Structure formats: C-alpha cells, structure tokens
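# Coordinate inspection notes
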Amino acid sequence: MLLQYLTTLATGIGFYPDKVFEEIKTTHAFATIARHEFDWCLKFLHQGGEVLSKYDEFKKIEILEGLWKVTDRKIAMRHRLSIGTIVSEQIVSVKLLNGKRIGTIEEYFISRLNEGDVFSLAGQNLEFIKMHEMTAFARKSKSTKALVPSWMGGRMSLSSNLGTMLRLQLNRAARGNRQELELKSLQPLLLTQAQYSRVPSTGELLIEKIKTNQGYHVFVYPFEGRSVHEAMAAMLAHRLSRVAPMTFSIALNDYGFELLSDSEIPLNINNVLELLSQQNFLDDLQQGINATEMVRRRFRDIAVIAGLVFQGNPGQQMKTRHLQSNSALFYKVFSEYDRHNLLLRQALNEVLQYQVEEARLLSTLQRIATSSIYITTPESFSPFSFPLMVDRLRETISNESMEDRIAKILAQSIAN
C-alpha cells in the first residue's frame, strides 16, 4: 500500500522523501516504520530493487532536483487504472446465447465447470456452453440437478467470539438444557450424537476414532473455525508422521477436522496432549502446512496492490490464472535472488496472522492443554463426523454421484 501511495504522489505533483516519511509516521499503520524500510520502498520504485533494475518498466520514478516524480506517460496511465487496495475475485458476466444477460458470478466457480455442466443462477438452471474473455455463455436447462454457485466470501471462518458461543451452546445441550429454539431444532441430531459418541461440554475436547474400509479416521472437534482447524490439522499430521511414517488425507470445516490414513493412527489418551501442545508449535506448523504455496497465493494480492502486476485495461481484465502466473514469477525471482524483499516478508506475515491465524491457534492450544480429553470409538459415522467425511469426498474425482458414494460408505460402515 505504501508503494502504491508513493507512486500516486509521484504521478501527481511529485514528492520529497523526507517530508513524506514524516507524514506517514503520523498514521497508525506506519507509526513504527523504520527509515531503512522506507528507503527500501524508494529504491524499489526508483531502480526496481535488487533484481528488477535491468527492466525500465519497473523504474517508475525519476528524481528531478530532489523531487520524486513519474515522467513516463504509460507508467502514469497504468497506475491510474490500477489504483485501489481491495483485491477481489474476478467477476464473470453470465449471458444466454441470444445475448440476454442473466447475472454475474465469480471466476473461481465458473472456471471449474466443463461444457455441459448445469448450474443455477437467478432462479434458473443453466447449461454451461463456453467462456469468452470475461463472459460465460449458457443455455437454459431442464435438468433437475444443478451445481449451486459458491463465492469465496462464503468461506469466511468462525470468529473467536462465535466459536466460544457455539461451545457454550453445546455445553448447555450436553447438560440437558435445550430450551432455546436453536437447540430444540437440533435436539434429534444432538441425541443421535450422544448415542453414537458424545456431545462435548465446555472444557472438553472430543476426538473420535473410526475404522472403515477407507482406512483409519481421526475426527477432532475444537469448534474454532476453518482457518484454525486447517493449521491445527497440518500441525497434528506433521507431529504424528514423526511418531510413525504415514500419509494423511485431511478434511475440515468450522467445527472440526479429519485425518484419514491407511494405517492405524498412533493417537491415544496418553500422547494427545503432547501432540497438541503449544511447545514449538510455530516450527511444526510451518513444516506441516504448505507454507510456500500459501505465501505464493497471498503474494498475488500484494503484487497487484504494489503495482508489480497490471490487471488489464477497462473491459480487458486479465484472468485470475494469468495474474497468478505473473505474480508467481515475481515470487520465484524474489525468493531466489532477493530474500530480504519486504513484499515477501509481508506475504509470510499475512499468512501467519490472517490465513493461519497464529494467535488464535496458540490460544486454542492453550485452552486444550487445560481441557478434559475424550476419545470415543463410534461404530459408524456420528452426526459431527458425517459432514467432514462428505467434504473429503467432494475433493476426489469419481463418475459416481455423491448420493451413491455416501450410501455405499454408510452401508460398508453399518456392515462393519
């Protein structure tokens, strides 16, 4: 954001570095910025930094008797078209073959469709035909089955406050207090969960271990939200692999996560607290998650805001995959030849703070350290574990319908 702000000033009347440095230090965001970090930003815009100095398009600002200013009209125009700090998913317009516009949808969803796939939008079932530039063409379909569009914003995780309230409600349910409307509605599910396994109270961590024809399942229910569970699952899988070499499949939602392996998972009441301890959790976390890939994806947005990647002219927006490949090239070059690049450091910090939520993970591990651990062994999938099993099935490729696959697994589970 600072790189963009400096370029904006230079595109206008220009700026003097010392004056701007004193100005930004009066803001909350840059109150603690060091002068060497500010000077790095100046060098990056003036010379292209350590590795881009040979390319004129990255030498955006010239120095005219102490005044820093953009003099190239092409650079100035590109910057004006790119101003903004909100990087959202690319929006695709959906039209019928006759040109009638139906609505809009995110490229994240539409890019996963093949020709002939049916999806619903604006109360209609539509058959996907083709994609041209940023427009998806479709025809009306009589199919009764259709894919439901998903938006990246719909994957927002539980907040810490909401997770706490959810655990309190489960505590009331576990104690038989189901007077609230929501708990009354969930009563059949909670009774079934208690019959198969257990409904955890406040101060308890529930773990379920199930063996099926698919392998050995471990379900853990911290009720802390998707992002915390993603980090915790990766950390636990890494620690378990040090106990015994094994490969895991991981599924997660807002309520818990699943580890699936073809060999018995060495998790028991004697070692669970050690495996979920806060000791060296950050090192194990960084080794457990695909940190490089997560940082690379985060770097894309940073590169766009910083002006490294041009998103395209109006009406000719660059596709997300092209943005990703361009930013990935910068990421690779910086990683190999400019390890002290501040944009790389920012990408790693944002992954730890926002995507992995390092602070919330530590808080969760501290809570678990003082909790009572219950490990149950249900004979079949419980109401808590069933959604996790289904989420994992969605990630696999099969020519069977989801309903048939679920029915087959349930039948095998009951037979066992």
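Position numbers for residues count from 1 along each chain, tracking the sequence in the order it is written. For a predicted model such as this one, the threshold for reporting local features is a pLDDT of at least 70, and the threshold for listing and counting side-chain atom pairs is 80 or more; totals across whole chains, interfaces and linings nevertheless cover every residue. Hydrogens and waters are ignored; side-chain quantities use all the structure's heavy atoms.

Let's shift gears to the packing of helix α10 (residues 281–288) against helix α14 (residues 358–369). Inter-axis angles, ranging from 0 to 180 degrees, are taken between N-to-C directions of lines fitted to C-alpha atoms, where helices are fitted over the stretch in contact. Numbering of helices and strands runs from the N terminus; a helix is a DSSP stretch of H or I covering at least four residues, while a strand is a stretch of E covering at least two. The interhelical angle for the contact between α10 and α14, taken along N-to-C directions, is 120°, at an axis separation of 11 Å. Taken together, α10 and α14 sit at an angle that is classed as oblique. In this structure, α10 crosses over α14, and the sense of that crossing is right-handed. Packed against α10, whose contacting residues are Phe281, Leu282 and Leu285, the element α14 presents Glu358, Leu361, Leu362 and Leu365 at the interface. Note that the term roughly parallel is reserved for angles under 35 degrees, roughly antiparallel for angles over 145, roughly perpendicular for angles of 65 to 115, and oblique for everything else. Handedness of a helix crossing follows the sense of rotation of the near helix relative to the far helix, less than a right angle counterclockwise being left-handed and clockwise being right-handed. Contacts are assigned to residue pairs with any non-hydrogen atoms lying within 4.5 Å of each other.

Right, let's get into the pattern of salt bridges. Any Lys or Arg side-chain nitrogen located within 4 Å of an Asp or Glu carboxyl oxygen qualifies as a salt bridge. Going through the model one piece at a time under the given rule, you end up with 13 salt bridges. As a salt-bridge pair, Glu224 and Arg360 come within 3.1 Å of each other at their nearest N and O atoms. Pair noted here: Glu224 is in the loop between β9 (215–221) and α8 (226–243) and Arg360 is in helix α14, with a separation of 136 residues, a long-range link. Exposure remark for Glu224: the relative accessible area of 6% places this residue in the buried category. For Arg367, the salt bridge goes to Glu224, with nearest N and O atoms at 3.2 Å. Exposure categories follow from relative accessible area, calculated using a 1.4 Å probe and restricted to protein chains: below 20% of the type maximum is buried, above 50% is exposed, and the middle band is partly exposed.

Sheets are built from strands that pair by backbone hydrogen bonding, the pairs being arranged parallel or antiparallel. A pair of strands is treated as paired once DSSP finds two or more bridges between them. Spatially, five strands are ordered β10-β11-β9-β8-β14 in an open sheet, and the strand pairing comes out mixed. Strands at the two margins of the open sheet, each flanked by one partner only, are β10 (249–252) and β14 (372–376). Averaged over all neighbouring strand pairs, the angle between strand axes comes to 15°, with direction disregarded. By the bridge criterion, four bridges tie β10 to strand β11 (residues 257–261) in an arrangement that is antiparallel. The residue bridging Leu252 from the neighbouring strand is Phe257, located in β11. Each of β9, β10 and β11 is contacted by α8, which is oriented at about 30° to β11, the strand it contacts most.

A sheet is described by the order of its strands in space; here five strands give the open sequence β4-β3-β7-β6-β5, paired in mixed fashion. In this open sheet, the two edge strands, each paired with only one partner strand, are β4 (101–106) and β5 (118–121). If you compare each strand with its neighbour and ignore which way they point, the axes differ by 45° on average.

Our focus in this paragraph is the packing of aromatic side chains. Aromatic rings from Phe, Tyr and Trp, with only the six-membered ring used for Trp, were paired whenever their centres fell within 6.5 Å, and each pair was classed as stacked if the ring planes differed by under 30 degrees, edge-to-face if by over 60, and tilted otherwise. Applying the stated rule across the entire model yields 14 aromatic pairs. Arranged with centres 5.5 Å apart and planes meeting at 65°, the rings of Tyr221 and Phe384 form a pair that is edge-to-face. In this pair, Tyr221 sits in strand β9 while Phe384 sits in the loop between β14 and α15 (386–394), placing the two residues 163 residues apart along the sequence. Comparing Tyr221 with Phe384 shows no difference in burial state: the two are buried. Taken together, Trp40, Phe44, Tyr55, Phe58, Phe299, Phe330, Tyr331 and Phe334 form an aromatic cluster joined through their ring pairs. Sitting over the ring of Phe21, Arg35 keeps its end group 4.9 Å from the ring centre. Cation placement over rings: the criterion is NZ of Lys or CZ of Arg within 6 Å of the ring centroid and within 35° of the ring normal.

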